[in-house]
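Observations on chain architecture
Here's the letter readout for the chains.
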Amino acid sequence: AQSVTQPDIHITVSEGASLELRCNYSYGATPYLFWYVQSPGQGLQLLLKYFSGDTLVQGIKGFEAEFKRSQSSFNLRKPSVHWSDAAEYFCAVESGGSYIPTFGRGTSLIVHP
Amino acid sequence: EAGVAQSPRYKIIEKRQSVAFWCNPISGHATLYWYQQILGQGPKLLIQFQNNGVVDDSQLPKDRFSAERLKGVDSTLKIQPAKLEDSAVYLCASSSNTGAGNTIYFGEGSWLTVV
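First, a word on scope: everything that follows refers to the structure included in this document. (Residues numbered from 1 in each chain as written. Chains lettered and ligands numbered in written order. Predicted model: local features only at pLDDT ≥ 70, side-chain atom pairs only at ≥ 80, totals over all residues. Heavy atoms only, no water.)

1. Considerations on the interface of chain A and chain B
To keep it simple, the criterion reads: We call two residues in contact when some of their heavy atoms are within 4.5 Å. Buried surface area refers to the total accessible area, computed with a probe of radius 1.4 Å, that the two partners give up upon joining, counted for both partners together. The salt bridge definition used is simple: a Lys or Arg side-chain nitrogen within 4 Å of an Asp or Glu carboxyl oxygen. Whenever two N or O atoms come within 3.5 Å, that pair is a polar contact, provided that in protein one can donate a hydrogen and the other can accept it, and provided that, for residues adjacent in sequence, both atoms are side-chain atoms. Helix and strand definitions follow DSSP, with helices as H or I runs of at least four residues and strands as E runs of at least two, each counted in order from the N terminus.
Facing the 19 residues of chain A at the interface are 22 residues of chain B. For the pair chain A and chain B, the two sides together bury roughly 1,600 Å², of which 56% comes from carbon and sulfur. If you sort the residues of chain A by the area they bury against chain B, Leu44, Tyr99 and Ile100 of chain A come out on top, with a joint share of 31%. Inspection of the chain A/chain B interface yields 0 salt bridges. Between the two partners, chain A and chain B, sit 3 residue pairs in polar contact (both at pLDDT 80 or more). If you list the elements that add at least two residues to the side of chain A that touches chain B, you get β5 (32-38), β6 (44-50) and β10 (87-94) of chain A. By residue number, the principal contributor to the side of chain A that touches chain B is β5 of chain A, which donates 4 residues.

Laid out in C-alpha coordinates, this is it:
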(Lines give C-alpha, C1' and ligand atoms only; values in the text may rest on other atoms or scores of the structure.)
Protein backbone atom coordinates (compact mmCIF):
# COMPACT_ATOMS: atom_id res chain seq x y z
CA ALA A 1 0.00 0.00 0.00
CA GLN A 2 1.13 3.52 -0.66
CA SER A 3 2.27 5.70 2.23
CA VAL A 4 3.79 9.09 2.85
CA THR A 5 6.20 10.19 5.56
CA GLN A 6 6.77 13.78 6.54
CA PRO A 7 9.50 13.49 9.17
CA ASP A 8 9.31 17.06 10.45
CA ILE A 9 6.29 18.03 12.53
CA HIS A 10 7.39 21.66 12.85
CA ILE A 11 9.85 23.78 10.88
CA THR A 12 10.83 27.29 11.95
CA VAL A 13 12.53 29.69 9.56
CA SER A 14 13.22 33.40 9.47
CA GLU A 15 11.49 35.54 6.90
CA GLY A 16 13.65 35.74 3.80
CA ALA A 17 15.44 32.49 4.51
CA SER A 18 15.23 29.46 2.27
CA LEU A 19 12.94 26.54 3.02
CA GLU A 20 12.94 22.81 2.41
CA LEU A 21 10.19 20.50 3.62
CA ARG A 22 10.84 16.79 3.43
CA CYS A 23 8.58 14.11 2.05
CA ASN A 24 9.28 10.42 1.51
CA TYR A 25 6.89 8.00 -0.10
CA SER A 26 6.51 4.28 -0.28
CA TYR A 27 5.24 2.83 -3.52
CA GLY A 28 6.68 0.36 -6.00
CA ALA A 29 6.18 2.19 -9.25
CA THR A 30 6.38 5.87 -10.08
CA PRO A 31 3.63 7.54 -8.12
CA TYR A 32 1.76 10.76 -8.61
CA LEU A 33 2.98 13.22 -5.97
CA PHE A 34 1.39 16.37 -4.61
CA TRP A 35 2.04 19.16 -2.17
CA TYR A 36 -0.89 20.96 -0.56
CA VAL A 37 -0.94 23.95 1.78
CA GLN A 38 -3.51 24.61 4.49
CA SER A 39 -3.69 28.04 6.06
CA PRO A 40 -5.31 28.33 9.50
CA GLY A 41 -9.04 27.72 9.31
CA GLN A 42 -8.91 27.01 5.60
CA GLY A 43 -9.17 24.01 3.34
CA LEU A 44 -6.26 22.53 1.43
CA GLN A 45 -4.91 24.23 -1.69
CA LEU A 46 -2.80 22.45 -4.29
CA LEU A 47 0.71 23.92 -4.61
CA LEU A 48 2.10 21.57 -7.25
CA LYS A 49 2.02 18.02 -8.55
CA TYR A 50 4.34 15.58 -10.31
CA PHE A 51 3.35 12.90 -12.80
CA SER A 52 6.32 12.27 -15.03
CA GLY A 53 8.95 14.04 -17.08
CA ASP A 54 11.05 16.83 -15.60
CA THR A 55 11.78 15.94 -11.99
CA LEU A 56 11.80 19.58 -10.90
CA VAL A 57 8.26 20.86 -10.68
CA GLN A 58 7.26 24.50 -10.35
CA GLY A 59 4.17 25.45 -8.40
CA ILE A 60 2.24 28.45 -7.23
CA LYS A 61 3.47 31.06 -4.74
CA GLY A 62 7.12 30.52 -5.73
CA PHE A 63 7.32 26.92 -4.53
CA GLU A 64 9.07 24.07 -6.32
CA ALA A 65 9.61 20.41 -5.59
CA GLU A 66 12.08 17.84 -6.84
CA PHE A 67 11.29 14.17 -7.40
CA LYS A 68 14.20 11.88 -6.59
CA ARG A 69 13.41 8.26 -7.40
CA SER A 70 16.61 6.93 -5.83
CA GLN A 71 15.66 8.48 -2.49
CA SER A 72 11.88 8.03 -2.79
CA SER A 73 11.60 11.71 -1.96
CA PHE A 74 9.63 14.71 -3.13
CA ASN A 75 10.92 17.65 -1.11
CA LEU A 76 9.31 21.07 -1.30
CA ARG A 77 11.51 24.16 -1.55
CA LYS A 78 11.24 27.91 -1.64
CA PRO A 79 14.25 30.23 -1.94
CA SER A 80 12.88 33.05 0.20
CA VAL A 81 10.05 32.58 2.69
CA HIS A 82 7.43 35.25 3.36
CA TRP A 83 5.49 35.61 6.61
CA SER A 84 2.32 34.68 4.71
CA ASP A 85 3.79 31.24 4.00
CA ALA A 86 3.18 30.22 7.62
CA ALA A 87 0.78 27.29 7.29
CA GLU A 88 0.50 23.51 7.37
CA TYR A 89 2.00 21.69 4.40
CA PHE A 90 0.88 18.25 3.31
CA CYS A 91 2.59 15.86 0.95
CA ALA A 92 0.38 13.30 -0.78
CA VAL A 93 0.93 10.27 -2.97
CA GLU A 94 -1.41 8.62 -5.41
CA SER A 95 -0.69 5.26 -6.89
CA GLY A 96 -1.92 3.95 -10.18
CA GLY A 97 -5.37 2.49 -9.86
CA SER A 98 -6.59 4.16 -6.69
CA TYR A 99 -6.73 7.73 -8.02
CA ILE A 100 -7.19 8.85 -4.41
CA PRO A 101 -4.28 10.61 -2.70
CA THR A 102 -2.93 9.42 0.63
CA PHE A 103 -1.78 12.32 2.79
CA GLY A 104 1.14 12.63 5.16
CA ARG A 105 0.58 13.98 8.65
CA GLY A 106 1.76 17.44 7.64
CA THR A 107 4.55 19.85 8.54
CA SER A 108 3.75 23.07 10.33
CA LEU A 109 5.79 26.01 9.04
CA ILE A 110 6.49 28.85 11.45
CA VAL A 111 7.98 32.04 10.05
CA HIS A 112 9.84 34.43 12.33
CA PRO A 113 10.07 38.11 11.37
CA GLU B 1 -15.87 30.35 -10.22
CA ALA B 2 -17.30 29.50 -6.82
CA GLY B 3 -15.39 27.02 -4.73
CA VAL B 4 -16.57 24.09 -2.64
CA ALA B 5 -19.08 25.31 -0.08
CA GLN B 6 -19.58 23.68 3.30
CA SER B 7 -21.85 24.32 6.25
CA PRO B 8 -21.94 24.70 9.12
CA ARG B 9 -18.37 25.87 9.64
CA TYR B 10 -18.38 25.09 13.35
CA LYS B 11 -20.45 22.74 15.47
CA ILE B 12 -20.25 21.70 19.11
CA ILE B 13 -22.38 18.76 20.23
CA GLU B 14 -22.53 16.37 23.14
CA LYS B 15 -21.56 12.75 22.71
CA ARG B 16 -24.38 10.51 21.51
CA GLN B 17 -26.04 13.44 19.72
CA SER B 18 -26.28 13.62 15.95
CA VAL B 19 -24.88 16.13 13.48
CA ALA B 20 -25.11 16.69 9.74
CA PHE B 21 -22.76 18.51 7.41
CA TRP B 22 -23.65 19.80 3.98
CA CYS B 23 -21.45 20.24 0.94
CA ASN B 24 -22.00 21.89 -2.42
CA PRO B 25 -19.18 21.02 -4.86
CA ILE B 26 -17.83 23.13 -7.68
CA SER B 27 -20.34 23.31 -10.48
CA GLY B 28 -19.90 20.48 -12.97
CA HIS B 29 -17.65 18.37 -10.78
CA ALA B 30 -18.80 14.78 -10.92
CA THR B 31 -16.61 13.49 -8.11
CA LEU B 32 -17.15 14.42 -4.48
CA TYR B 33 -15.09 13.39 -1.47
CA TRP B 34 -15.53 13.60 2.29
CA TYR B 35 -12.34 13.61 4.35
CA GLN B 36 -11.84 13.53 8.11
CA GLN B 37 -8.90 15.50 9.48
CA ILE B 38 -8.08 14.92 13.13
CA LEU B 39 -5.88 17.53 14.78
CA GLY B 40 -2.23 16.89 14.01
CA GLN B 41 -2.95 14.43 11.21
CA GLY B 42 -3.42 14.54 7.47
CA PRO B 43 -6.83 14.18 5.90
CA LYS B 44 -8.24 10.66 5.70
CA LEU B 45 -10.77 9.74 3.03
CA LEU B 46 -14.16 8.71 4.38
CA ILE B 47 -16.15 8.35 1.18
CA GLN B 48 -15.92 9.13 -2.53
CA PHE B 49 -18.89 9.66 -4.84
CA GLN B 50 -18.92 9.61 -8.61
CA ASN B 51 -22.12 11.47 -9.54
CA ASN B 52 -24.61 9.94 -7.08
CA GLY B 53 -22.91 6.56 -6.76
CA VAL B 54 -20.43 5.49 -4.08
CA VAL B 55 -16.97 4.66 -5.41
CA ASP B 56 -15.13 4.03 -2.14
CA ASP B 57 -16.49 4.00 1.41
CA SER B 58 -14.08 1.45 2.85
CA GLN B 59 -12.94 3.79 5.64
CA LEU B 60 -16.36 5.10 6.59
CA PRO B 61 -17.47 3.86 10.05
CA LYS B 62 -20.83 2.71 8.81
CA ASP B 63 -22.25 2.00 12.24
CA ARG B 64 -22.42 5.72 12.93
CA PHE B 65 -21.52 7.62 9.75
CA SER B 66 -23.66 7.92 6.66
CA ALA B 67 -23.41 10.01 3.54
CA GLU B 68 -25.56 10.61 0.53
CA ARG B 69 -25.37 12.55 -2.67
CA LEU B 70 -28.82 12.82 -4.08
CA LYS B 71 -29.10 13.99 -7.69
CA GLY B 72 -25.32 13.90 -8.01
CA VAL B 73 -24.72 17.44 -6.76
CA ASP B 74 -24.97 18.36 -3.07
CA SER B 75 -23.94 15.92 -0.39
CA THR B 76 -24.70 15.41 3.29
CA LEU B 77 -22.52 13.63 5.84
CA LYS B 78 -24.24 12.51 9.04
CA ILE B 79 -22.88 11.22 12.31
CA GLN B 80 -25.23 9.48 14.70
CA PRO B 81 -24.48 8.92 17.53
CA ALA B 82 -21.33 11.01 17.85
CA LYS B 83 -18.36 9.91 19.92
CA LEU B 84 -15.60 12.01 21.46
CA GLU B 85 -13.10 10.68 18.91
CA ASP B 86 -15.21 12.12 16.08
CA SER B 87 -13.93 15.58 16.97
CA ALA B 88 -12.22 16.65 13.77
CA VAL B 89 -12.49 18.84 10.71
CA TYR B 90 -14.67 17.35 8.00
CA LEU B 91 -13.45 18.42 4.59
CA CYS B 92 -15.52 18.17 1.48
CA ALA B 93 -13.71 18.18 -1.85
CA SER B 94 -14.58 17.81 -5.49
CA SER B 95 -12.91 17.10 -8.80
CA SER B 96 -13.98 17.05 -12.40
CA ASN B 97 -13.17 13.37 -12.86
CA THR B 98 -11.45 10.44 -11.20
CA GLY B 99 -8.44 10.13 -13.46
CA ALA B 100 -4.90 9.69 -12.23
CA GLY B 101 -3.35 12.82 -10.79
CA ASN B 102 -6.65 14.61 -10.83
CA THR B 103 -6.71 17.98 -9.06
CA ILE B 104 -8.95 17.92 -6.01
CA TYR B 105 -10.44 21.16 -4.72
CA PHE B 106 -11.19 21.40 -1.01
CA GLY B 107 -13.74 23.37 0.93
CA GLU B 108 -12.86 25.24 4.11
CA GLY B 109 -14.11 22.43 6.30
CA SER B 110 -16.66 21.90 9.03
CA TRP B 111 -15.11 21.85 12.49
CA LEU B 112 -16.77 19.42 14.88
CA THR B 113 -16.18 19.31 18.61
CA VAL B 114 -17.82 16.50 20.57
CA VAL B 115 -17.95 17.09 24.33
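2. Some remarks on the pairing of strand β4 (residues 31-37) of chain B
Residue and element names in this part refer to chain B. Which entries qualify depends on this criterion: Remark: exposure states derive from per-residue accessible area (1.4 Å probe, protein chains only) relative to the maximum for the residue type, with buried under 20%, exposed over 50%, and partly exposed in between. We call two strands paired when DSSP finds no fewer than two bridges between them.
With 7 of 7 residues buried, β4 lies mostly within the body of the structure. Residues Thr31, Tyr33, Tyr35 and Gln37 point to one face of β4 and Leu32, Trp34 and Gln36 to the other, with burial holding for every one of them. Taking the residues that link successive antiparallel strands as the turn, the β4-strand β5 (residues 44-50) hairpin has 6 residues, and the phi of Gly40 there is positive, at about 85°. Summarising the sheet, β4 and strand β9 (residues 88-95) pair through 7 bridges and their orientation is antiparallel. Counterpart to Tyr33 in the pairing with β9 is Ala93.

3. Re unusual backbone geometry
Peptide bonds are mostly trans, and most non-glycine residues show a negative phi. Note the cis peptide between Ser7 of chain B and Pro8 of chain B, where omega equals -10°. Within the secondary structure layout, Pro8 of chain B lies in the loop between β1 (5-7) and β2 (10-13). Not every positive phi belongs to a glycine, and Lys61 of chain A is a case in point at roughly 60°. Within the secondary structure, Lys61 of chain A is located in the loop between β7 (56-58) and β8 (64-68).

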